[in-house]
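Commentary on secondary and tertiary structure
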Amino acid sequence: MHRPQRTDKPRDRSANKLEELASVKSKLLLAGFTLYDIDRRYYLPRGTAGTTLREPNMAGEQAIAAALGTKAHLLWPSRYQPSGQRRSPQPRENYERPPTMRQRQKKAGA
């Protein structure tokens, strides 16, 4: 006998990752911060905040969350347990780059 198909199971993880990335970027924009501002304000190596949007980086996640006045587990649910504890080790999907705009358009056209 087959199990019933779960409808709440995410079908495309890259779409979830893009939504997560866009959400954090829009919150930073609304708060008036640039990624470079985050790097300078929290004494991170240049480019860390930008990389943190795509890949897990604890220092970058904490800096962005602090700048926005929130907790990191609320910004990146894919990187944290529902309890707020960081996933260790991080799932492989968190290190895969999301598809570019061109790749997404090409896939939609096919």
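In the block above lies the structure referred to throughout.
All residue numbers refer to position in the chain's written sequence, counted from 1. Reporting in this predicted model follows two pLDDT cut-offs: at least 70 for local features of residues, and 80 or more for side-chain atom pairs to be given and counted; totals over whole chains, interfaces and linings ignore these cut-offs and use all residues. Remark: hydrogens and water are excluded; side-chain values derive from all non-hydrogen atoms of the structure.

Another aspect to go through is helix 4 (residues 58-68). Burial classes: relative accessible area under 20% of the type maximum marks a residue as buried, over 50% as exposed, and values in between as partly exposed (1.4 Å probe, protein chains only). Going along the chain from the N terminus, every DSSP run of H or I of four or more residues is numbered as a helix, and every run of E of two or more is numbered as a strand. Taken residue by residue, helix 4 has Gly 60, Glu 61, Ala 63, Ile 64, Ala 65 and Ala 67 as its buried positions. Polar contacts here mean pairs of N or O atoms no more than 3.5 Å apart (in protein, one a potential hydrogen donor and the other a potential acceptor; neighbouring residues in sequence count only if both atoms are side-chain atoms). Among the residues of helix 4, the N-terminal cap falls to Asn 57, whose side-chain oxygen and the backbone nitrogen of Ala 59 are separated by 3.1 Å. Directly beyond the C-terminal end of helix 4, a positive phi value near 70 degrees is found at Gly 69.

Attention now goes to unusual backbone geometry. Along the chain, Ser 88 connects to Pro 89 via a cis peptide bond; the corresponding omega equals -5 degrees. With respect to the secondary-structure elements, Pro 89 resides in the loop between helix 5 (72-75) and helix 6 (101-109). The backbone phi angle of Tyr 43 is positive, close to 55 degrees, even though this residue is not glycine. Structurally, Tyr 43 is set in the loop between helix 2 (35-41) and helix 3 (48-54).

Once that is clear, we can look at the nonpolar core. Note on terminology: a nonpolar core comprises buried Ala, Val, Leu, Ile, Met, Phe, Trp, Tyr and Cys residues joined through side-chain atoms within 4.5 Å. Val 24, Leu 28, Ile 38, Leu 53, Ile 64, Leu 75 and Trp 76 are the most contacted members of the largest nonpolar core, which has 16 residues in total. Broken down by secondary-structure element, the contributors of at least two residues to this core are helix 1 (13-31), helix 3, helix 4 and helix 5. Ranked by residues supplied to this core, first place goes to helix 4 with four residues.

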